[in-house]
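Residue-level listing of the chains:
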Amino acid sequence: MTYHKPNLSRRAFLATSGALSVAVLGGGLVSVFRDAAEAQDLGRSEINAWVSIARNGRVAIRYTSGEMGQGVSTSLPLVLAEELDADWSMVDALQVDQGPPATFGNPLINNILYTAGSLSIAGYFDRMRRAGATARRVLVHSAAASWRVPVGEVTTEPGFVVHGRSRRRMSFGEVVALPQLVTDVPAITDADLKPREQWRLIGSDVGRLDVPEKARGAITYSIDVRLPGMVYAAQLLAPVEGETPTVTTDTDARAVPGVVDIIPLRNAVAVVAETWEAALAARELLKVEWSNTSPFRSTDSAAELKELAAAAADPAREAFPWETRGDARAALRSSARVISADYSTEYVYHAQMEPLAAVAAVDADGKGAEVWLGTQSQTVSIGIAAAVLQTTPDRIRFHAMQMGGGFGRRTFFARDLLRDALLISKQLKRPVKLMWTREDDVKNGWFRPATAHRLEAALDSNGDVTAWRHRVVSASILAFAMPDNWAKANNRDFLVMEGAESADYAIPNLIAEHVIADRRTRVAAWRGIGWGPNMFARECFIDELAAAANADPVAFRRRLLRNNERGLRVLDAVVAISKFGTAPQGRAHGLSFAGYKETRAAGVAEVSVDGEGRVRVHRFWAAVDPGVAVHPNNLLAQVEGGIIFGLSGLLQERITIAGGEVQQSNFYDYEPLRIGDIPQIEVQIVESGAAPTGAGEIGVPMTGAAVANAIFALTGRRQRQMPFGQVRS
Amino acid sequence: MPTLTVNGNAVDTNADPQTPLLWVLREHLGLTGTKFGCGVGSCGACTIHLDGEATFACQVPLEAAVGHKITTIEGLSPNGDHPLQRAWIAEQTPQCGYCQSGQIMRAAALLAANPKPSREDIIDGMAPNLCRCGTYPRIARAIERAAQEG
Ligand code: FES
Ligand code: FES
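Residues numbered from 1 in each chain as written. Chains lettered and ligands numbered in written order. Predicted model: local features only at pLDDT ≥ 70, side-chain atom pairs only at ≥ 80, totals over all residues. Heavy atoms only, no water.

With that out of the way, let us pick up the overall build of chain B. Helix and strand content of chain B: six helices and five strands. Along its sequence from the N terminus, chain B presents helices and strands in the succession β-β-α-β-β-α-β-α-α-α-α. Rg of the C-alpha trace for chain B: 15 Å, near the compact-globule value of 15 Å for 150 residues, within the 12% margin. With the principal axes as the frame, chain B shows a C-alpha extent of 45 × 25 × 25 Å. Taking all 150 residues of chain B together, 61% fall into the buried category. Counting contacts in chain B only where the partners sit at least 6 residues apart, residues at least 24 apart contribute 57% of the total. For chain B, the computed accessible surface area is about 5000 Å², with 48% contributed by carbon and sulfur atoms. In chain B, 11 positive and 14 negative side-chain charges are present, and the distance between their average locations comes to 10 Å. (Helix = DSSP H or I, 4+ residues; strand = E, 2+ residues; numbered from the N terminus. Rg over C-alpha atoms; globule rule 2.2 N^0.38 Å. Buried < 20%, exposed > 50% of the residue type's maximum accessible area, 1.4 Å probe, protein only. Contact = heavy atoms within 4.5 Å. Areas by Shrake-Rupley, 256 points an atom, 1.4 Å probe, with all protein chains shown as cover. Lys, Arg positive; Asp, Glu negative; His and termini not counted. Charge placed at Lys NZ, Arg CZ, Asp CG, Glu CD.)

Below you can see the structure in the form of structure tokens.
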């Protein structure tokens with residue numbers, strides 16, 4: 001197991017490249033600070049796999065999920081600290097870099113170290129509580145033994161173990177300084193966990209542990225890592241997926257001062273230099289001929305959209321069922337009144353602010369390496385590194401760096417980027433930092449796939465939905481990202497289909513099905529995952545059905561949610577806080593009920609459309625039920641951020657591909673929303689007290705239909721094709 | 001060998017005079033608080049002060065920076081306690097944090113020129129800086145707080 005403390009001050013270091021002439025600036029080298037070294041200094045005791053306590057009373061709590069802005073480096077330790085009864089001001093959070101999946105893996109993600117799907121709190125909540133309770137028990141038993149009093153008389157106060165009868169107390173630091181710790185304590189049962197009324201940390205608004213460093217620009221991301229003797233690598237990447245360099249003319253590139261080597265790789269030519277600017281300059285001079293046999297050469301995103309729509313409309317196309325309730329086909333056939341509508345979404349790019357980078361230093365024997373990577377999965381990345389070096393995972397010394405945004409971009413990228421960094425370092429026998437420019441990142445993005453949706457519903461004479469069919473046409477993300485899992489998945493792609501089961505709605509006959517389209521470019525999950533496109537289509541369609549049934553959008557949804565108390569509560573809450581339907585002159589409101597997994601949520605958008613058809617979202621209200629809000633202020637931040645992310649996508653983000661080449665390059669032609677474009681946002685948390693679930697995705701799925709429905713209310717024009725920042729007539 | 005003035009210190013660098021200041025700061029001088037986001041003046045992650053003006057470090061060649069006062073996030077305040085940095089903590093603004101040095105540097109130039117900005121001034125002034133995590137509402141609030149609390 002290794003851990004590191006992400007937020008510690010840097011150790012000044014003088015790089016050996018000779019480029020630096022002063023040390024006074026400090027800063028510089030990697031700030032990764034080893035927990036083990038520190039443990040010795042402070043007389044730290046390992047209480048269990050998750051907690052160690054130093055004699056000065058500092059409590060170090062480990063967390064596994066990678067920090068990419070969602071706040072897990074605070075919220076997970078907070079859960080443990082609650083049961084430990086730690087003094088929060090004495091807590092340090094340590095990132096688990098690697099370690100046994102049996103101990104550290106996320107039970108909701110195949111028990112591996114993997115951060116995605118808003119599953120950190122949901123996956124680790126129970127485990128962190130039990131680890132904290134067990135550690136507290138060690139402290140209580142140890143103090144009781146030293147005081148020679150019955151364990152039952154000993155209790156804790158924040159940071160202290162207390163024996164009330166004799167008025168004795170010991171700080172946690174004093175307990176670990178005792179000659180003997182009682183580690184053999186009875187297992188924690190549910191009854192040993194604090195009842196909710198006694199929580200003082202969970203549900204409180206402690207400051208995020210990473211925020212002070214982030215306000216000083218002092219976090220080290222993988223792109224910031226610098227190592228003694230390090231070289232820089234830029235890549236000239238294949239213009240089309242699947243192509244490989246055939247002829248490389250590098251005479252001019254090699255002549256650039258500082259260039260170390262030019263190395264052809266599978267899908268790129270790497271330019272390695274003593275400085276990054278030399279690598280970039282030499283890349284400009286490189287002439288590479290590429291193979292031209294890749295099937296992806298024929299990818300054309302406009303033509304693909306038409307193919308997807310045609311497949312959605314073609315009942316003969318094979319579709320794999322995702323969810324079946326009752327007999328939707330028969331009910332639709334026999335119904336007097338069937339409504340249907342088609343929707344689509346286009347490719348979108350993650351646009352995480354930190355371009356991808358990987359830093360690797362391969363050992364002299366070529367069979368091990370130290371790696372610095374901002375990754376959504378330590379386990380996957382270490383596995384890839386071991387495979388590349390044909391070695392065992394224990395030879396990979398891994399540093400899980402904080403990420404400058406993830407959003408799904410940093411799941412499997414190690415397959416290419418880390419692989420290449422390792423190959424370069426191995427060949428040159430020097431540490432290497434491989435960086436992508438923004439253009440590299442856009443042109444080689446893994447996009448949320450384009451999708452087409454056909455929805456059909458039967459309405460009875462009461463205006464109730466009696467049958468429902470949601471047909472989704474999309475390439476499989478799972479097949480590309482996790483081929484091993486896909487082989488066992490029975491054509492069930494949760495990354496595309498989740499949400500389409502519409503479990504909250506009381507619809508007796510329902511089928512959700514997936515027409516698996518050919519993959520035409522690299523695809524990945526994007527914040528909100530399948531829920532983004534699926535909830536856009538569904539909630540637009542619900543408004544169309546409500547109109548057909550002459551019902552208002554709120555009443556119509558309330559009927560569908562009649563068996564779903566959590567759903568009703570967020571719907572009612574958002575209607576109340578937005579005063580739904582009372583938009584000022586020239587604007588209109590649109591509603592969407594769209595959660596993510598077990599987190600229920602509903603949103604209302606207030607929009608206007610100008611004379612040129614440009615949409616502006618002025619206000620957005622959301623009500624969210626995450627079960628328990630572990631860290632409410634951060635939950636609000638996540639929902640706000642997710643709403644902005646969703647709005648950005650639905651208004652103006654679009655990747656197009658022609659001849660297999662991505663046509664966008666950088667933020668000037670793929671531009672996320674800026675500060676002047678965002679609405680006033682109001683979020684209300686509606687806790688049901690159910691098991692806590694995630695927040696990272698939750699803002700996104702509600703946005704699409706809320707805005708589209710508002711545009712309809714204002715203009716009478718349905719927006720069925722995302723993006724629609726420019727109103728379609 | 002060009003000499004730069006960075007955060008009050010005179011420093012020499014042997015980088016090529018055409019090198020964007022961004023790479024000189026980050027990779028030669030180790031001042032990695034200034035971030036690379038786009039390299040083309042579209043995101044503001046690299047925002048620094050050049051003689052007090054908010055400037056994209058990716059758009060300034062080293063030779064053009066010589067003779068000017070350069071301030072990076074590391075030099076904004078002696079102890080990381082600039083009113084904006086305190087307000088950033090109070091409002092819990094950062095998420096991933098990657099854009100935040102640039103945001104704070106731009107906000108600091110804004111407040112230096114306009115100590116009591118209106119909401120509109122803030123939105124106009126901060127327009128060059130992207131935040132993909134969507135911290136904009138808190139950026140605006142933090143700037144207002146800093147303007148108030150000084
Ligand atoms: S990196 Fe300079 S503006 Fe984006
Ligand atoms: S905090 Fe992540 S990009 Fe702004």
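So, about the sheet that holds strand β22 (residues 509-517) of chain A. All names here are of chain A. Across the sheet, five strands lie side by side as β14-β22-β21-β20-β15; this open sheet has mixed pairing. In this open sheet, the two strands that pair with only one neighbour each are β14 (320-325) and β15 (338-345). Ignoring which end each strand starts from, the neighbouring axes of this sheet average 10° apart. In terms of strand pairing, β15 meets strand β20 (residues 451-459) through eight bridges, oriented antiparallel. Of the residues in β20, the one forming a bridge with Ala 341 is Leu 455. (Pairing = 2+ DSSP bridges. Axes fitted to C-alpha atoms, helices over the stretch in contact; angles between N-to-C directions.)

What follows covers the packing of helix α17 (residues 531-548) of chain A against helix α21 (residues 703-715) of chain A. All names here are of chain A. Contact geometry for α17 and α21: axes closest at 7 Å, N-to-C directions at 35°. Judged by the twist between their axes, the crossing of α17 over α21 is right-handed. Residues Met 535, Phe 536, Glu 539, Cys 540 and Asp 543 of α17 touch α21, and the partners they reach there are Gly 704, Ala 705, Ala 708 and Asn 709. Grouping the constituent residues of the contact of α17 with α21 by class yields five nonpolar, two polar and two charged. (Left-handed = near helix turned anticlockwise from the far one by under 90°. Nonpolar A, V, L, I, M, F, W, Y, C, P; charged D, E, K, R; others polar.)

We now examine the sheet that holds strand β2 (residues 9-12) of chain B. Residues and elements named next belong to chain B. Reading across from one edge, β2-β1-β5-β3-β4 is the order of the five strands in this open sheet, with mixed pairing throughout. Either end of the sheet is taken by a strand with one partner, and the two such strands are β2 and β4 (53-56). In this sheet, adjacent strand axes meet at a mean angle of 40° when their direction is disregarded. Looking at chain direction, strand β3 (residues 47-50) and strand β5 (residues 69-71) are connected through two bridges and run antiparallel. Within β5, the residue paired with Leu 50 across the bridge is Ile 70.

Our next topic: the packing of aromatic side chains. Across all of its chains, the model carries 18 aromatic pairs over all chains by this definition. Centroid distance Tyr343(A) to Phe536(A): 6.0 Å. Interplanar angle 80°. Geometry classified as edge-to-face. A residue pair is termed long-range when its members are at least 10 positions apart, and Tyr343(A) in strand β15 and Phe536(A) in helix α17 qualify at 193 residues. Accessibility assignment for this pair places Tyr343(A) and Phe536(A) in one class, buried. Connected via pairs of aromatic rings, a cluster forms that spans Tyr347(A), Tyr349(A), Phe447(A) and Tyr670(A). Note that Arg132(B) overlies the ring of Phe645(A), its terminal NZ or CZ placed 3.9 Å from the centroid. (Phe/Tyr/Trp six-rings, centres within 6.5 Å; stacked < 30°, edge-to-face > 60°. Lys NZ or Arg CZ within 6 Å of the ring centre and 35° of its normal.)

Before going further, it helps to spend a moment on the packing of α17(A) against helix α18 (residues 553-560) of chain A. All names here are of chain A. Axis separation between α17 and α18 bottoms out at 9 Å; the angle between their running directions is 110°. Between α17 and α18, the interaxial angle falls into the category roughly perpendicular. For the pair formed by α17 and α18, the contact residues are Glu 539, Ile 542, Asp 543, Leu 545 and Ala 546 on the first element and Pro 553, Phe 556, Arg 557 and Leu 560 on the second. Split by residue class, the contact of α17 with α18 holds six nonpolar, no polar and three charged. (Parallel < 35°, antiparallel > 145°, perpendicular 65-115°, else oblique.)

On to the domain arrangement of chain B. Note: interface size is frequently given as the accessible area lost on complex formation between the parts. Residues and elements named next belong to chain B. What the domain assignment lists for chain B is domain 1 (3-76) and domain 2 (83-149). In this structure, domain 1 and domain 2 have C-alpha centres spaced 20 Å apart. Contacts between the two partners involve 17 residues from domain 1 and, on the opposite side, twelve residues from domain 2. Between domain 1 and domain 2, roughly 1300 Å² of surface is buried when both sides are summed, and carbon and sulfur atoms account for 62% of that area. Among the residues of domain 1 in contact with domain 2, Thr 47, Ile 73 and Leu 76 are the three that bury the most area, contributing 34% of the side total. Where domain 1 touches domain 2, the interface holds zero salt bridges. Our count for the domain 1 to domain 2 interface comes out at six residue pairs in polar contact (both at pLDDT 80 or more). Elements that contribute at least two residues to the side of domain 1 that touches domain 2 include exactly β3 and β4. Examining the composition of the side of domain 1 that touches domain 2, we find that three residues originate from one element, β3, more than from any other. (Domains from an automatic or database assignment. Buried area = accessible area lost by both parts, 1.4 Å probe. Salt bridge = Lys/Arg side-chain N within 4 Å of Asp/Glu carboxyl O. Polar contact = N/O pair within 3.5 Å; in protein donor to acceptor, adjacent residues only side chain to side chain.)

All names here are of chain A. By the assigned domains, chain A splits into domain 1 (37-215), domain 2 (222-293 + 356-435) and domain 3 (301-348 + 447-715). Once you take the C-alpha centre of each, domain 1 and domain 3 turn out to be 39 Å apart. Each partner contributes residues to the interface: domain 1 has 24 residues there, and domain 3 has 21 residues. For the pair domain 1 and domain 3, the two sides together bury roughly 1500 Å², of which 57% comes from carbon and sulfur. By the criterion of area lost to domain 3, the three top residues of domain 1 are Ser 118, Arg 196 and Asp 205, representing 31% of everything that side buries. Between Arg 196 and Glu 687 there is a salt bridge, with the nearest N and O atoms lying 2.6 Å from each other. Linking domain 1 to domain 3 there are eleven residue pairs in polar contact (both at pLDDT 80 or more). Of all the secondary structure elements, the ones that give two or more residues to the side of domain 1 that touches domain 3 are α2 (72-84) and α4 (120-147).

A few words now on the environment of Trp50(A). Residue and element names in this part refer to chain A. Considering the arrangement of structural elements, one finds Trp 50 in the loop between β2 (45-46) and β3 (51-53). Distance from Trp 50 to Arg 520, taken between C-alpha atoms, is 43 Å for residues 470 residues apart in sequence. Not counting the four nearest positions on each side in its chain, Trp 50 is found in contact with Ala 60, Ile 61, Arg 62, Tyr 63, Thr 64, Leu 80, Thr 103, Phe 104, Tyr 124, Arg 127, Met 128 and Ala 131.

Across the boundary between the two partners, chain A contributes 71 residues, which contact 54 residues of chain B. Across the chain A to chain B interface the summed buried area is about 4900 Å²; carbon plus sulfur atoms make up 58%. Along the contact surface separating chain A from chain B lie five salt bridges. Arg138(B) is the salt-bridge partner of Glu640(A), the closest N and O atoms lying 3.1 Å from each other. Connecting chain A to chain B are 27 residue pairs in polar contact (both at pLDDT 80 or more). Taken together, the elements giving at least two residues each to the side of chain A that touches chain B come down to α6 (211-215), α8 (276-285), β19 (432-435), α13 (438-443) and α20 (632-652) of chain A. For the side of chain A that touches chain B, the element with the most residues is α20(A), which contributes nine residues.

For the rest of this paragraph, the subject is the confidence of the model for chain B. Residues at a pLDDT of 70 or more form 100% of chain B, whose mean pLDDT is 97. Taken over the whole predicted complex, pTM reads 0.95, whereas the ipTM for its chain interfaces reads 0.98. (pLDDT = per-residue confidence, 0-100.)

Turning our attention to the side chain of Gln719(A). All names here are of chain A. Locating Gln 719 in the fold gives a position in the segment after α21. In terms of polar contacts, Gln 719 uses its side chain to reach the backbone carbonyl oxygen of Arg 717, at 3.4 Å. There is a polar contact of 3.0 Å between the side chain of Gln 719 and the backbone nitrogen of Arg 728.

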